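Letter by letter, the chains look like this.
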Amino acid sequence: NNKPHKSPLTNMPLSNIITGVVNITTFLLSIPLIGGGIWLATRPSTECMQFLQWSIIGLGLFILVISLLGCLGAFNRVVWLLYIYLFIMFFIILLLLSFIVFTFIVTKDGPRDLVGQTNYEVKDYSWWLREQVENSKSWAKIESCIQDTKICKEVNQEVKSISNFYAIDLSSLQVKILNLAPIII
């Protein structure tokens, strides 16, 4: 009765092993994501940070649950769990494709970064983005997020006079923000 011990993995199809390994990896990656969201929740937060922290925690928990479904289905050969897993993954892929198309549509009408062009206007962007920026409620949220980045504060520290303002080298983001703010406010 000296039969060698067989690993349960030797009887599993390769696709289940690959699914399991991928899901163990995503499970492990979801833990620091949740931890990062919890860490953000312990910091003094603004409206932007609150949105970010709960989004990160929610995304981490979602990935954790989906990974567990995939692992349980793959390693225990529970076919109905794998079907649920595949169904959810299909919708995640559709959501990602929708997000990519949405992002392309929203940003495709933006200003082209031409050499020497520093004048950006709201009308250069797509109708959806213009609506978000021109809406006073949305702009208040956008403005609070911009203030959190301290970009304008850095520019104010560098600028000592009007002539100095035109002489300093501003990043593209700083130029856009400084040109958008007076148009909207």
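For the structure, see preceding data.
Definitions and limits used
Residues numbered from 1 in each chain as written. Predicted model: local features only at pLDDT ≥ 70, side-chain atom pairs only at ≥ 80, totals over all residues. Heavy atoms only, no water. Helix = DSSP H or I, 4+ residues; strand = E, 2+ residues; numbered from the N terminus. Buried < 20%, exposed > 50% of the residue type's maximum accessible area, 1.4 Å probe, protein only. Contact = heavy atoms within 4.5 Å. Areas by Shrake-Rupley, 256 points an atom, 1.4 Å probe, with all protein chains shown as cover. Phe/Tyr/Trp six-rings, centres within 6.5 Å; stacked < 30°, edge-to-face > 60°.

Colleague: I'd like a description of the overall build of the protein, backed by residues and values.
Modeller: The helix and strand tally for the protein stands at eight helices and zero strands. Secondary structure of the protein in N-to-C order comes out as α-α-α-α-α-α-α-α. Per-residue burial for the protein yields a buried fraction of 24% across its 185 residues. For the protein, the share of sequence-separated contacts (at least 6 apart) that also reach a separation of at least 24 residues comes to 53%. As displayed, the protein offers around 13400 Å² of accessible surface, 69% of which is attributable to carbon and sulfur atoms.

Colleague: Report on the packing of aromatic side chains, specifying residues and quantitative values.
Modeller: Enumeration according to the criterion identifies three aromatic pairs in this entry. With centroids separated by 5.5 Å and ring planes inclined at 75 degrees, the aromatic side chains of F90 and F91 adopt a geometry described as edge-to-face. Look at F91 and you get partly exposed, because its relative accessible area is 38%. Look at F102 and W128: their rings are 5.0 Å apart centre to centre, the planes differ by 80 degrees, and that puts the pair in the edge-to-face class. Here F102, found in helix 3 (residues 79–107), pairs with W128, found in helix 4 (residues 127–134); they are 26 residues apart in sequence, far enough to count as distant. These aromatic residues form a ring-pair network of at least three members: F87, F90 and F91.

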